[in-house]
Amino acid sequence: MTAAGRFVGWTVRRAALAALLVTVYPPHRLYAQDSQFGVRGLGTPGRYESVRARSTGGAFAPFDPLSLLTEAPLADIPVLTATAMEAASYRDVDVGGTTSTLRNTRFPLLNVGGRVGPRLALAAGFTTYLDKSWDVSERDSAVLRGALQRYTDELSSDGSVADLRLAAASRLTRRIAIGAGIHLLSGSTRQTATRRFDDTTFHTVQQVAEVTYSGLGFSGSILIGVARGLSLSGWARSDNRLRAKVADTTSALTDLPRGFGGGVLIAPSPSVKIGGSFAWRSWSRTGPGSFDTWSWAGGAEIGSGRMPVRFGVRGGQLPFGPGTQAPTEFAAAAGTGRTFAQGRASMDLGLERLERRGTGLTERVWTVLLGITVRP
Amino acid sequence: MIRRRLVLLGAAVIAAACVEDLTTPGVCPDYCPSNQITIADTVLTNSISRDSAFRGYVLANQAGALLATFDSGVVEGRPIFRVNGLGSRARISGSDTTTGPILGADSSRLHLFITRYDTTARNLTLRFFRLPITIDSTTTFASVAGPFTDSLVKRVNVDSLLALPGRKNSVTGDSVVSVDTVNHQIVLSLKFDSAAARYVPNDSGTVAFGIRLSADAPTSLQIANGLIQGAALQWYIRVDSLSVPVARTPISLVAPFQSFVVDPAPPPIDSTLAVGGVPSARSILRVTLPRFLRDSSLIIRGTLVLVPAVPASGAPSDSFVVEAHTVVADLGAKSPIAVDATRTDTTIIHIGATDTVRIEVTNLLQFWAADSLQPTSLVLRAKYEATSLAEVRFYPSKAAAFRPTLAVTFVRRYPFGAR
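Here the residue numbers are simple positions, counted from 1 along each chain's written sequence. All chains are assigned letters beginning at A, and all ligands numbers beginning at 1, according to the order in which they are written. Confidence filtering applies because this is a predicted model: local features only for residues at pLDDT of at least 70, side-chain atom pairs given and counted only at 80 or more, and all residues used for totals across whole chains, interfaces and linings. Heavy atoms throughout the structure, all of them, feed into the side-chain values; hydrogens and water do not.

A. Expanded view of the overall build of chain B. We count a stretch as a helix when DSSP gives it H or I for four or more residues in a row; a strand needs E for two or more, and each element gets its number in order from the N terminus. For chain B, the helix and strand inventory stands at five helices and 28 strands. Radius of gyration means the value over C-alpha atoms here, while the globule rule gives 2.2 Å times the residue count to the 0.38 power. On C-alpha atoms alone, chain B measures out to a radius of gyration of 31 Å, which is more than a quarter above the 22 Å that the 2.2 N^0.38 rule sets for 419 residues. Here's how the labels work: a residue is buried when its accessible area is under 20% of the maximum for its type, exposed when over 50%, partly exposed in between, all with a 1.4 Å probe on protein chains only. Expressed as a percentage of the 419 residues in chain B, the buried residues total 50%. The contact criterion used throughout is that any non-hydrogen atoms of two residues lie within 4.5 Å. The long-range share in chain B, meaning contacts at least 24 apart out of those at least 6 apart in sequence, stands at 79%.

Here it is in structure tokens:
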């Protein structure tokens, strides 16, 4: 065996091991990218996109069988396929004239799908529905026993709500494929509330709780091949309510959004694909301080075979923020991929630059994306 | 080619390596959680009841130190101690067991460990009196008043001794063994001649001494008590060896009985809550914690507020530490106290003070809130019981206007999970 052959074998083995490790991770350890905009709201919504789709700004997500946004593309999945991704974010938060540099690493997506019959494909996986990891530190004071006492509050949450999706898809005709999915929302956060007084006569108080979340959602999607090299996709989703429990007692019951979206994919040649997508979600149902959101994306993949180049942009609104207008975001992404072992394994790399803006707060994020796909 | 792949793979792994740093300064309320930590203050005026005081926990001879005070007749403490003798005979030689009658002592040397003294006192003088060897724990100030008047055997001016070169008086034979200027401790080695320390074989050589303290101004000091650091006497005796007196130096003898007598005696326990004094007094207070504090709050500060019924009494320039303890079980006067530092709170009380006393009892309240099975009684006692004449008396719960109260600052349960 040549050195190159050994390297390919090593890569496939490591890719399979990585996929296994990510698979056995408990769902509440899976996170998307955090945002300070989610602190006051329910959290930061996940993106449902594989590294490939996200490298195109999300434009390819409605057509990507390994993303968890739609189900219909699963109908075209050729063999059993598993994918997982990791995202490392480096975030600058500029708020109130102060800039904080934050970092985190997340494992936001895992998906396994395959064909179980001539016209039926199934998939199971999970992604982040809401990221609820944040840590806020605040200085304040209060009059206690007739004297002004200064203190530092630290409120933190560590965890997320995962979206466990069971999906089925079928190609009805040569041009039409449909799919449906059931979404089990499950997760937990470890929350702490700490107050430290400058005057140590007042003892530091730290309260800790494990909050568990549960919910249910349904989705459906359709993929239409309009003409050779032109596809349209549409999807809709409805989630019921998110139940938060502390020590088996329901502490909150929050209506979750409904949403719909679609996309178009144009492939003028086998080595060029151009796509666009949009989505709407009714996040305002979740309560005060939340907004319905529109989002859009456009991107392309150039080059076929072993190492394509991908790029794209996306923009839209964020569901939570102060004031009367939803915060906005804009991102540009690029990436590539590489297949190994005669196409049985692939590794995708992506880089995303994101900017979010809201009243008095700007976030700028670099995110490194790493995805591994295995077709055993 | 392979190297390039490895470099690319390594760079990807490094870039995506696990990192976590999520803490940001909060800009509230816009970018903070909608729920905040809620804090509240309350004064529990009726939560303390069934309080009472008891005396006799630590007697003077059981104290960790002997107290000598000089207050121009206002209050006076006099250490007393007895050193049992060698008997009527002693070994003539170290190499055999033959003994001979003890003819007497040429001299003796007393080692005294002063564990605390007032560095501002001038002409700090110790006067030693020979006492009856029958002194014991029932000995009172009055019962030894006579010997303390007419049996002076030695006088030592500690200030003068400290000022001498080498801290040694070659005339009297007295010396300072060591001085700890940080902790204000002195070890004295004092020579008693044969007249000051008579070895009486009929008494088996047992001697008893009392110490009076004097200075230019009221002051006090403490002398170590106990078998390790307590007063010790080294005899230099003469033993009859076939009608030939020979000098012998037997082992040093530690005083097995050490105590001190006080005048005036502490007033009897009344309805007030007494703490301190000799013998030591303790007060027990029963606390009823409201349910909202026990069940749904976190106590971050608790202060026991006590109003002195009379000015704190004791030796001048003294202060003493009062401790508040939880009890393991509430058995009234015999309640065993928990001496665990995490369940003990303290405050310092100065002699003559009439100010309201505040003892931080946060540890105790937190302990009670965490374990609802614990008896919610607390005991007030002096930190070093019976080593100080200091005593304070507080108004009890029956005195409605001045009763003990609890000031509590607490945090309500944070509404975790709420939107």
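B. How the structure looks around the pairing of strand E16 (residues 244–248) of chain B. Residues and elements named next belong to chain B. With five bridges joining them, strand E15 (residues 232–241) and E16 adopt antiparallel strand pairing. Paired with Arg238 across the strands is Ala247, a residue of E16. At least two bridges found by DSSP between two strands is the condition for calling them paired. Between E15 and E16, which pair antiparallel and follow one another directly, the connecting turn spans two residues, one of which, Leu242, has a positive phi of 50 degrees.

C. How the structure looks around the side chain of Thr192(A). All names here are of chain A. Counting through the fold element by element, Thr192 comes out in strand E7 (residues 176–197). The buried category is assigned to Thr192, whose relative accessible area is 15%. Polar contacts, as counted here, are pairs of nitrogen or oxygen atoms within 3.5 Å of one another; within protein the pair requires one atom able to donate a hydrogen and one able to accept it, and residues that are adjacent in sequence qualify only if both atoms are side-chain atoms. Within the structure, Thr192 has its side chain in polar contact with the side chain of Ser156 (distance 2.4 Å).

D. Focus on the interface of chain A and chain B. At the junction of the two partners, chain A supplies 73 residues and chain B supplies 50 residues. Each partner contributes to the roughly 5,200 Å² buried at the junction of chain A and chain B, and carbon and sulfur atoms together form 61% of this total. It is Arg40(A), Arg145(A) and Gln207(A) in chain A that bury the most area against chain B; as a group they hold 16% of the surface buried on that side. Within this document, salt bridges are pairs made up of a side-chain nitrogen of Lys or Arg and a carboxyl oxygen of Asp or Glu, the two lying within 4 Å of each other. Where Arg145(A) meets Asp41(B), a salt bridge forms, and the shortest distance between an N and an O atom there is 3.9 Å. Run the count over chain A and chain B and you get 12 residue pairs in polar contact (both at pLDDT 80 or more). Per element, the largest residue contribution to the side of chain A that touches chain B is nine residues, and it comes from strand E3 (residues 98–117) of chain A. Split by residue class, the side of chain A that touches chain B holds 36 nonpolar, 23 polar and 14 charged. The term buried area refers to how much accessible surface (probe radius 1.4 Å) is lost by two components on association, counted for both of them together. The nonpolar class holds Ala, Val, Leu, Ile, Met, Phe, Trp, Tyr, Cys and Pro. Asp, Glu, Lys and Arg form the charged class, and all remaining residues, Gly among them, are polar.

E. Up close: the pairing of strand E18 (residues 361–374) of chain A. Residues and elements named next belong to chain A. Along E18, 12 of the 14 residues are buried, which leaves the element largely enclosed by surrounding structure. Examined bridge by bridge, strand E17 (residues 345–358) and E18 share 14 bridges and lie antiparallel to one another. The partner of Met347 across the bridge, within E18, is Ile372. Counted between consecutive antiparallel strands, the loop separating E17 from E18 contains two residues, among which Gly360 sits at a positive phi close to 75 degrees.

F. Fine view of the packing of aromatic side chains. Stacked, tilted and edge-to-face are the three classes assigned to paired rings of Phe, Tyr and Trp, where Trp is represented by its six-membered ring and a pair needs centres within 6.5 Å; plane angles under 30 degrees give stacked, over 60 edge-to-face, the rest tilted. Using the criterion set out here, one finds 18 aromatic pairs over all chains in the structure. Seen from their ring centres, Phe37(A) and Tyr31(B) are 5.6 Å apart, and the 85 degrees between their planes marks the pair as edge-to-face. On the criterion of chain membership, the pair formed by Phe37(A) in the loop between helix H1 (3–24) and strand E1 (44–45) and Tyr31(B) in the loop between strand E2 (23–25) and strand E3 (39–44) is interchain, its members lying in two chains. Neither Phe37(A) nor Tyr31(B) differs from the other in exposure class; each is buried. Aromatic pair Phe81(B) and Phe209(B): ring centres 6.0 Å apart, planes at 45 degrees, arrangement tilted. Taken as a pair, Phe81(B) in strand E6 (residues 76–83) and Phe209(B) in strand E13 (residues 207–214) lie far apart in primary sequence, 128 residues in all.

G. Structural detail: the pattern of salt bridges. All names here are of chain A. According to the stated counting rule, one finds 34 salt bridges over all chains in the structure shown. Salt-bridge contacts for Asp153 lead to Arg195; the nearest nitrogen and oxygen are separated by 2.6 Å. Here the residue Asp153 occupies a position in strand E6 (residues 147–171), and Arg195 occupies one in strand E7, the gap between them amounting to 42 residues. The class of Asp153 is buried, set by a relative accessible area of 2%. Measuring nitrogen to oxygen at the nearest pair gives 3.1 Å for the salt bridge that ties Arg364 to Glu355. Residue classification places Arg364 among the partly exposed positions, given a relative accessible area of 26%. Since its relative accessible area comes to 27%, Glu355 is described here as partly exposed.

H. Broad picture of the confidence of the model for chain B. Averaged over all residues, the pLDDT of chain B is 88; the fraction at 70 or higher stands at 93%. Interface scoring of the predicted complex returns ipTM 0.75; its pTM is 0.72. pLDDT: the predictor's confidence for each residue, scored from 0 to 100.

I. Just the sheet that holds E3(B), in detail. All names here are of chain B. An order of E3-E28-E21-E25 is seen for the four strands of this open sheet, with the pairing classed as antiparallel. Edge positions in the sheet fall to E3 and strand E25 (357–360), since each of these pairs with one other strand and no more. Pairwise comparison of adjacent strand axes, ignoring direction, gives a mean angle of 20 degrees for this sheet. Lines are fitted to the C-alpha atoms to define the axes, a helix being fitted only along its stretch in contact, and any angle between axes, read from their N-to-C directions, falls within 0 to 180 degrees. Sheet strands in contact with helix H5 (residues 362–370) are strand E21 (297–306), E25 and strand E28 (405–412), and its direction is about 135 degrees off that of E21.

J. Structural detail: the environment of Ser170(A). All names here are of chain A. Along the polypeptide, Ser170 turns up in strand E6. Using a relative accessible area of 17% as the deciding quantity, one classes Ser170 as buried. Residue contacts for Ser170: discarding those within four places in its chain leaves Ala75, Arg119, Ile176, Ala177 and Ile178.

K. Examining unusual backbone geometry more closely. The amide bond that connects Asp263(B) to the next residue, Pro264(B), takes the cis arrangement and shows omega of 0 degrees. Mapping Pro264(B) onto the fold places it in the loop between strand E18 (257–263) and strand E19 (273–276). Pro279(B) follows Val278(B) through a cis peptide bond whose omega is -10 degrees. Along the polypeptide, Pro279(B) turns up in the loop between E19 and strand E20 (281–287). For Ala247(A), which is not a glycine, the phi torsion comes out positive at approximately 50 degrees. Residue class for Ala247(A) comes out exposed when judged on its relative accessible area of 65%. You will see that Arg50(B), though not glycine, has its phi angle at about 45 degrees, which is positive. By the element assignment, Arg50(B) lies in strand E4 (residues 48–55). Under the relative-accessibility criterion, Arg50(B) is labelled exposed at 59%.

L. A nonpolar patch on the surface, seen in detail. Residues and elements named next belong to chain A. Think of a patch as exposed residues, more than 30% relative accessible area, with no salt bridge, where like charges cluster within 9 Å and nonpolar side chains (Val, Leu, Ile, Met, Phe, Trp, Tyr) cluster within 5 Å. Here the accessible surface of atoms and residues is derived via Shrake-Rupley with a 1.4 Å probe, and residues count as covered only by protein chains that are part of the display. Residues Leu172, Ile178, Ile222, Ile224, Val226 and Leu232 make up a contiguous nonpolar surface patch of about 420 Å² in total accessible area. Counting residues per element, the nonpolar patch draws most heavily on strand E8 (residues 205–227), at three residues. Residue placement: Leu232 occurs in strand E9 (residues 230–239). Leu232 sits in the partly exposed class, given a relative accessible area of 37%.

M. Structural context of the nonpolar core. Throughout this description, the term nonpolar core refers to a set of buried Ala, Val, Leu, Ile, Met, Phe, Trp, Tyr and Cys residues connected via side-chain atoms within 4.5 Å. Counting 53 residues, the largest nonpolar core has Leu112(B), Leu126(B), Phe128(B), Leu188(B), Leu221(B), Trp235(B) and Phe260(B) as the members making the most contacts within it. At six residues, strand E8 (residues 99–117) of chain B tops the list of elements feeding residues into this core. With sequence-adjacent residues up to four places away left out, Leu188(B) is seen in contact with Leu110(B), His111(B), Leu112(B), Ile114(B), Leu126(B), Val158(B), Leu161(B), Ser175(B), Val176(B) and Val177(B). Listed in part, the 38 residues of the second largest apolar core include Leu185(A), Phe202(A), Leu242(A) and Tyr414(B).

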